[in-house]
Amino acid sequence: MNNEPYVKQEIKNNIATTEFFHPAHNSLPGDLLAKLANTITEAGNNDEVKVIILKSGGDRTFCAGASFNELISINDAETGKVFFSGFANVINAMRKCPKFIIGRIQGKTVGGGVGVASATDYCMATKFAAIKLSELNVGIGPFVVGPAVERKLGTSGFSQIAIDANSFYDAEWARQKGLYNQVFDSLEELDEAVQKFAENLCNYNPEAMAEMKKVFWSGTENWDELLAERAVISGRLVLSEFTKHTLKKFGES
């Protein structure tokens, strides 16, 4: 089996299926985040595409968040800002994309992965797709993904999982809070439902869907600046003595 990281996209019958993969539980280093943001932007600008499906490879973990190896190697504020801007760029690409993005969440998702799921326009998952915001565990916080997560879960739900950084919250909790729109018992049922839903959206007026998306994301026009500011906060905190010590312990475990 090929274990090389990738971002790939297939366009078929007006549906762009965008898939990312990394052997370390689909964690996302900077180069993959950049490719993912660019791929989503290109699909949004492609007149052949009417709807986008966002998925990850494998059947266990949707996304484990940021690359731990990259996180532990940050030694200056500018590198930290660039690192944390990776997820900001993906979220902003999804926000600005004029096409509806359907999230296909097959398994657990952590940290930045929760932010990516939250930035989809309609999100479908299996019952195995528990979520966790683990950033506080390593001495930082979910600053960059926070606006996207709070937009879906509300302030109360976002606060709960951000503070309770050790706990996974199950897919049903995420559905009740508004992150997941539908939850399925199996991967097969999820894939069938995602495909059928995407095919149905292709019957609608693309211009109407683009205008609806603008309405849904109204009030987020400042996110280019906001998420950049949040990346600076995370980039500063990752250099703190507390975080460096914590990351070292994680690296040794």
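Rules of the game
Residues numbered from 1 in each chain as written. Predicted model: local features only at pLDDT ≥ 70, side-chain atom pairs only at ≥ 80, totals over all residues. Heavy atoms only, no water. UniProt positions renumbered as here; feature names shortened; annotations may be inferred. Core = buried A, V, L, I, M, F, W, Y, C linked by side-chain atoms within 4.5 Å. Buried < 20%, exposed > 50% of the residue type's maximum accessible area, 1.4 Å probe, protein only. Helix = DSSP H or I, 4+ residues; strand = E, 2+ residues; numbered from the N terminus. Contact = heavy atoms within 4.5 Å. Patch = residues over 30% accessible without salt bridge, like charges linked within 9 Å, V, L, I, M, F, W, Y side chains within 5 Å. Areas by Shrake-Rupley, 256 points an atom, 1.4 Å probe, with all protein chains shown as cover. Salt bridge = Lys/Arg side-chain N within 4 Å of Asp/Glu carboxyl O. Lys, Arg positive; Asp, Glu negative; His and termini not counted. Charge placed at Lys NZ, Arg CZ, Asp CG, Glu CD. Pairing = 2+ DSSP bridges. Axes fitted to C-alpha atoms, helices over the stretch in contact; angles between N-to-C directions. Parallel < 35°, antiparallel > 145°, perpendicular 65-115°, else oblique. Nonpolar A, V, L, I, M, F, W, Y, C, P; charged D, E, K, R; others polar. Expected span 1.5 Å × (residues − 1). Arc of directions from axis to C-beta. Phe/Tyr/Trp six-rings, centres within 6.5 Å; stacked < 30°, edge-to-face > 60°. Lys NZ or Arg CZ within 6 Å of the ring centre and 35° of its normal.

- The name an unreviewed UniProt entry gives the protein is Enoyl-CoA hydratase/isomerase family protein, with Aequorivita flava as the organism.
- What the UniProt record of the protein gives under Sequence similarities (unreviewed entry) is the line "Belongs to the enoyl-CoA hydratase/isomerase family."

1. Remarks on the nonpolar core
Okay, so step 1: Residues Phe84, Ile131 and Tyr180 are the most contacted members of the largest nonpolar core, which totals 60 residues.
Okay, so step 2: With eight residues, helix α3 (residues 77-96) is the single largest residue contributor to this core.
Okay, so step 3: Here Tyr180 is in contact with Ile105, Thr109, Cys123, Ala125, Ala129, Ile131, Ala171, Ala174 and Arg175, once residues within four sequence places are set aside.
Okay, so step 4: One finds Ile15, Val51, Ile53 and Ala198 within the second-largest nonpolar core, a separate group that totals 14 residues.

2. A word on a negative patch on the surface
Okay, so step 1: Together, Asp185, Glu188, Glu189 and Glu192 make up a region of like negative charge exposed at the surface.
Okay, so step 2: Along the chain, Glu192 falls in helix α7 (residues 187-201).

3. Points about the sheet that holds strand β3 (residues 51-56)
Working definition: the strands of a sheet are paired by backbone hydrogen bonds and lie parallel or antiparallel to each other.
Okay, so step 1: Strands sit in the order β1-β2-β3-β5-β7-β9 across an open sheet of six strands; the sheet is mixed. The two strands at the open ends of the sheet, each matched to only one other strand, are β1 (6-12) and β9 (182-184). The mean inter-strand angle of the sheet, taken between neighbouring strand axes irrespective of direction, is 20°.
Okay, so step 2: Where strand β5 (residues 100-105) meets strand β7 (residues 122-126), four bridges bridge the pair, whose relative direction is parallel. Considered in β7, the bridge of Ile105 is made with Ala125.

4. Examining the side chain of Ser118
Okay, so step 1: Here Ser118 is to be found in helix α4 (residues 112-118).
Okay, so step 2: Look at Ser118 and you get buried, because its relative accessible area is 0%.
Okay, so step 3: Those residues in contact with Ser118 that sit more than four places away from it in its chain are Ala148, Val149, Arg151, Lys152 and Leu179.

5. What about the packing of helix α1 (residues 30-45) against α3?
For any two helices packed against each other, one specifies the inter-axial angle together with the distance between the axes.
Okay, so step 1: At a minimum axis distance of 9 Å, the contact between α1 and α3 shows a crossing angle of 10°. Classified by the angle between their axes, α1 and α3 sit roughly parallel to one another. Only Gly86, Phe87, Asn89, Val90, Ala93 and Met94 of α3 make contact with α1, whose side of the interface consists of Leu33, Leu36, Ala37, Ile40 and Thr41.
Okay, so step 2: Split by residue class, the contact of α1 with α3 holds eight nonpolar, three polar and no charged.

6. Let's talk about α1
Okay, so step 1: Taking 1.5 Å per residue, 16 residues should reach 22 Å; α1 reaches 23 Å between its end C-alpha atoms and fits that length.
Okay, so step 2: Among all positions in α1, only Leu32, Leu33, Leu36, Ala37, Thr39, Ile40, Ala43 and Gly44 are buried. When α1 is viewed along its axis, its buried side chains cluster within an angular range of 165° and face the same direction. Exposed positions of α1 whose direction lies more than 90 degrees from the buried face are Glu42 and Asn45.

7. Overview of the sheet that holds strand β4 (residues 61-63)
Okay, so step 1: Spatially, three strands are ordered β4-β6-β8 in an open sheet, and the strand pairing comes out parallel. Edge positions in the open sheet fall to β4 and β8 (131-132), since each of these has one partner strand only.
Okay, so step 2: Direction of pairing for strand β6 (residues 108-110) relative to β8: parallel, over a ladder of two bridges. Paired with Val110 across the strands is Lys132, a residue of β8.

8. Some points on the packing of aromatic side chains
Okay, so step 1: Applying the stated criterion across every chain, the model contains seven aromatic pairs.
Okay, so step 2: Ring centres of Tyr6 and Phe21 lie 5.4 Å apart, and the angle between their planes is 25°; on these two criteria the pair is classed as stacked. Remark: Phe21 occurs in strand β2 (residues 15-21) and Tyr6 occurs in strand β1; sequence separation between them is 15 residues.
Okay, so step 3: Assessed through its relative accessible area of 9%, Phe21 is described here as buried.
Okay, so step 4: Sitting over the face of the ring of Phe168, Lys108 holds its NZ or CZ atom 4.4 Å from the ring centroid.

9. Structural notes on the pattern of salt bridges
Okay, so step 1: Summed over the entire model, instances satisfying the criterion amount to seven salt bridges.
Okay, so step 2: Residue Asp224 is joined to Lys96 by a salt bridge in which the shortest nitrogen-to-oxygen separation is 2.9 Å. A residue pair is termed long-range when its members are at least 10 positions apart, and Asp224 in helix α9 (residues 223-237) and Lys96 in helix α3 qualify at 128 residues.
Okay, so step 3: For Asp224, a relative accessible area of 35% gives the class partly exposed.
Okay, so step 4: Notably, a salt bridge pairs Arg104 with Asp191, separated by 2.8 Å at the nearest N-O pair.

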